[in-house]
Amino acid sequence: MSLGPCIPDLVSSGKLRPDRAEALQRAYDERLRDYSRDMAPAAAEAAATADALKYLEADTLHRARHKLLQARVQQDWMGELRAKAGEDGVLPIAAAVNRLARVDKQVDALRGRYFATLDKLLADHRRNVVGVLRNKGDLETIGRALFGEQVDDVNAREMADSIAQVIELARQRFNQAGGHIGKLEGYGLPQSHDARLVRGATYESWRAHLSIERVKVMDLETGGEATGLRRETLLREIYETIRSEGAAKGTPGQRFAGALANRRADPRVLHFADFDDWMAYQGDFGGGDNIYDILTGHLFSMARDTVLMERLGPNPGATVRWLQDSIADSVQLRGTQQEVDTINRAKGKLQRLFDELTGESKIPENRRLALGFSILRSQQVAAKLGSAVLSALPDFATLMHTQKFNGVPAIKAVAQYAKLWNPLDDGDRRLAVRLGLITEDWIGMTSSAHRYLGEELQGEVARRMADFVIRAQGLSRHTRNGQWATGMNFIATLTHNATHGWANLHPKLREQMRKYGITEADWDAYRTTAPREERGADWIVPLDMEDSRAGERFMEFVLTETDHAIVVPDVRTRAAMNSWLKPGTWPGEIARSSVLFKGFPLAILSLHGRRMIEQSSLPGKLGYAVPLGLSMVALGALSAQLKTVAAGKDPQPMTGDGSAKFWGRAVVQSGGLGLFGDLLFNSENSYGGGLTGTLAGPLLGQTLPNVADATAGNALRAAGVGEGDPEFSKDLWNTLEKEMPGRNLWFARQSWERLIADQVDELVDPDVAKARRRMIKRAQKEGTDYYWKPGDLAPKRAPDFENAAEGDIPGG
């Protein structure tokens, strides 16, 4: 019996929903057309019916599994919230927010698992200081091996095997969480599709591309290769899906409401004939043929989607909406009037976190506007953060305080940090990756300037400029080495304590592990895990635990504490900023520019401020805040002195009558706001902006006004409007000099200013001598003097470090 005539009856009788009937009818019709070319009508109808019924059966089972997984996840959430609320209490929004925020580091823990076996790939092929991939030719050899081509390089074959195993692991873990990505032999490499490039081609030109002409189209509904009309139908659908970025398959109002599990389970797969075809397609329609970025991007996004499904079900968005409604209903039934009045704000917290985790908050409304402002902000990083590494010393205060707070020996982390700087031996760096301590800048998923920029969308040239400045001064390596040293010290401490039972652990360490869901049973399982011998020492690696989820809980603990040690904006900070700084809008981009360089201190408040508040008593809060604050101020003072010396001046006096302003600067410097510290001495910061300009940010408060004054301002003065005479050459040069990328790299700053900038000043500024006298008086006002005076081609003496204690001003 043919299925076709039966489908309307199944719908009318209520046995089949209209949407599923439409999919079933399409599957039947496509197969009937294909079979009718080679079979008699009755046989074609029978074969098409059999295939369509198999599709219906598989689809039914898949939907049932989704419902079961979704129900289990929601039951787990409700159980935890009710346990915290008590029998008649209101479901606590704070507990829901805390649990959702943990997803961020759970994603990082799974990413660490995926990259742990690819340490050689990362070591050999990550970007260098100018942003160029290392050994790109070797990557192509690995790519050919992945596509099954015969290659002579044994290392390339071994690396290809490792990559294939990780891709398969990611597929299996995704499917366990609710996905259904089919396994394909000889899969090769993931594909990247650039919707803008595909949109710029007609279907006919896309279809005529040689790689598409030869591509296999796998039909996962039947498990075989699509041919004939079915192949053409699927290719058309693939093209429309890519060019519309999914809109071709979406329902208006439901674009992001569908199950995440289905987004990677498109019932067709492009399977390129060989590596050359894959490269050709990626070059023309994928936005680049960079194997490294495509592979790392695939594993990063697979980890994110997998963890979202594991924690929120196959349809994470539906679970978030269910949570919001459940909490709102609880508040309406049992809450106070104040709680009822603020319920929408509470629901908004969950939504903002979820949007940040999924990346929805980073999608610009106007891509060109967002890209333009991002390029300008990257230029600001390149021009003005060349000495930022000198401001990073307070990181050691947060590093050691975090270790102590967790009951972990702090001094060993500092020793490990020093070892990681060894340029002749990358063994410890590769070990950090094998332990699962993944850092995004080493992989290349974010720019090295991300800690200060927080940008996702960046122009390539601007990104490379900013990255070069951050890498060249040592800041990216400092951040990465601090993160790795912290994580390695935590795992070393866990290994050392494996001889102790749960009750005998340091109380702080035990209490902290409890907060991450690590139980006594988990600890016993960790203790019995076989150790590895790495770099002459035994390591019990959490990712080696038989219970993989327990191992990832340990890694979540380690990675979260690493963020406290070397502060980077956590998911709460990012969500708060991105929720009101919407990219691609004029208000959002202006606001993003005004808070440029201020995200780091906000992260300190978010991470350590929240941890201080969480302490149960006033002595506990003070016991957390005071030692951390004092150590940060002490290191902030050292940062301020190093920046002063890098500027060609003697250290400032730290005692005596003039020391109060210095210590005020040290307090501000300790939190990463060095520009505001300058204002304690002068009406302008080191980039020429006053308090208003500093609050507005370097781009809006300094750069744009300087450009406007040097151009339009001088033009108006030349026309007789306004006060003063036009000084085109002087103002244009001063503006250009302040905005030149790399101009204030700490190790080259004085050479640039004295040997080049000062010489140009003498050509364009008739009052240069007066300006230099003002600079010297400004330094003396700060209690110091220049050891390399403005206008001198060489320093006349060494810095007077004793001035820090004595406060004597040479020549003052």
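These lines cover the structure that appears in this document, whether it is placed above or below. As the structure is a prediction and not an experimental result, all values here were calculated from the model.

A word on the overall build of the protein chain
For the protein chain, the count of helices and strands is 40 helices and five strands. Buried positions account for 52% of the 812 residues belonging to the protein chain. Within the protein chain, counting contacts between residues at least 6 apart in sequence, those at least 24 apart form 71% of the total. Summed over all atoms, the accessible surface of the protein chain reaches about 36300 Å², with 56% contributed by carbon and sulfur.

Focus: a positive patch on the surface
Together, Lys770, Arg773, Arg774 and Lys777 make up a region of like positive charge exposed at the surface. Given a relative accessible area of 44%, Lys770 falls into the partly exposed group.

Considerations on unusual backbone geometry
Positioned with a positive phi, Asn135 is a non-glycine residue whose angle comes to about 50 degrees. The backbone of Arg535 sits at a positive phi, close to 55 degrees, despite the residue not being glycine. For Arg535, the position within the fold is in the loop between strand 4 (532-534) and strand 5 (537-539). Residue Arg535 is classed as partly exposed on the basis of its relative accessible area, which comes to 44%.

So, the packing of aromatic side chains
Summed over all chains, the structure comprises 20 aromatic pairs. Between Phe490 and Phe557 the ring centres are 5.5 Å apart and the planes differ by 85 degrees, which places this aromatic pair in the edge-to-face class. Within this pair, whereas Phe490 is found in helix 25 (residues 475-496), its partner Phe557 is found in helix 28 (residues 548-565), the two being separated by 67 residues in sequence. Geometrically, the ring pair formed by Tyr516 and Phe557 is tilted, given 5.3 Å between the ring centres and 50 degrees between the ring planes. Of the two residues, Tyr516 is situated in the loop between helix 26 (507-515) and helix 27 (520-527) and Phe557 in helix 28; the sequence distance between them amounts to 41 residues. By relative accessible area, Tyr516 is classed as buried at 8%. Site record: aromatic cluster; members linked through ring pairs are Phe147, Phe275 and Trp278. The ring of Trp77 has Arg99 lying over it, and the distance from NZ or CZ to the ring centre is 4.3 Å.

Quick look at the nonpolar core
Formed by 124 residues in total, the largest nonpolar core has its most connected members in Leu100, Ile163, Trp206, Trp278, Leu437, Met488 and Met513. When residues in this core are grouped by element, the largest group, twelve residues, is from helix 14 (residues 291-312). Counting residues in each nonpolar core, the second largest holds twelve residues, with Ala392, Ala466, Ile470 and Phe597 among its members.

What to know about the pattern of salt bridges
Inspection of every chain in the model, using the stated rule, returns 56 salt bridges. Here Asp124 ties to Lys120 by a salt bridge, and the two come within 2.8 Å at their closest N and O atoms. Separated by four residues within a single helix, Asp124 and Lys120 lie in helix 6 (residues 119-125), roughly one turn from each other. For the salt bridge of Arg144 with Asp276, the shortest nitrogen-to-oxygen distance reads 2.8 Å. Residue Arg144 is found in helix 7 (residues 136-146), and its partner Asp276 is found in helix 13 (residues 275-285); the two are separated by 132 residues along the sequence. The exposure class assigned to Arg144 is partly exposed, which follows from its relative accessible area of 25%.

Quick word on the environment of Leu133
Tracing the sequence through the fold places Leu133 in the loop between helix 6 and helix 7. You can call Leu133 buried: its relative accessible area is 12%. Once the C-alpha coordinates of Leu133 and Asp293 are considered, the two residues, 160 residues apart in sequence, prove to be 9.6 Å apart. Excluding its chain neighbours within four sequence positions, the residues that come into contact with Leu133 are His125, Arg126, Arg127, Leu139, Asn290 and Tyr292.

The rules behind each value
Residues numbered from 1 in each chain as written. Predicted model: local features only at pLDDT ≥ 70, side-chain atom pairs only at ≥ 80, totals over all residues. Heavy atoms only, no water. Helix = DSSP H or I, 4+ residues; strand = E, 2+ residues; numbered from the N terminus. Buried < 20%, exposed > 50% of the residue type's maximum accessible area, 1.4 Å probe, protein only. Contact = heavy atoms within 4.5 Å. Areas by Shrake-Rupley, 256 points an atom, 1.4 Å probe, with all protein chains shown as cover. Patch = residues over 30% accessible without salt bridge, like charges linked within 9 Å, V, L, I, M, F, W, Y side chains within 5 Å. Salt bridge = Lys/Arg side-chain N within 4 Å of Asp/Glu carboxyl O. Lys, Arg positive; Asp, Glu negative; His and termini not counted. Charge placed at Lys NZ, Arg CZ, Asp CG, Glu CD. Phe/Tyr/Trp six-rings, centres within 6.5 Å; stacked < 30°, edge-to-face > 60°. Lys NZ or Arg CZ within 6 Å of the ring centre and 35° of its normal. Core = buried A, V, L, I, M, F, W, Y, C linked by side-chain atoms within 4.5 Å.

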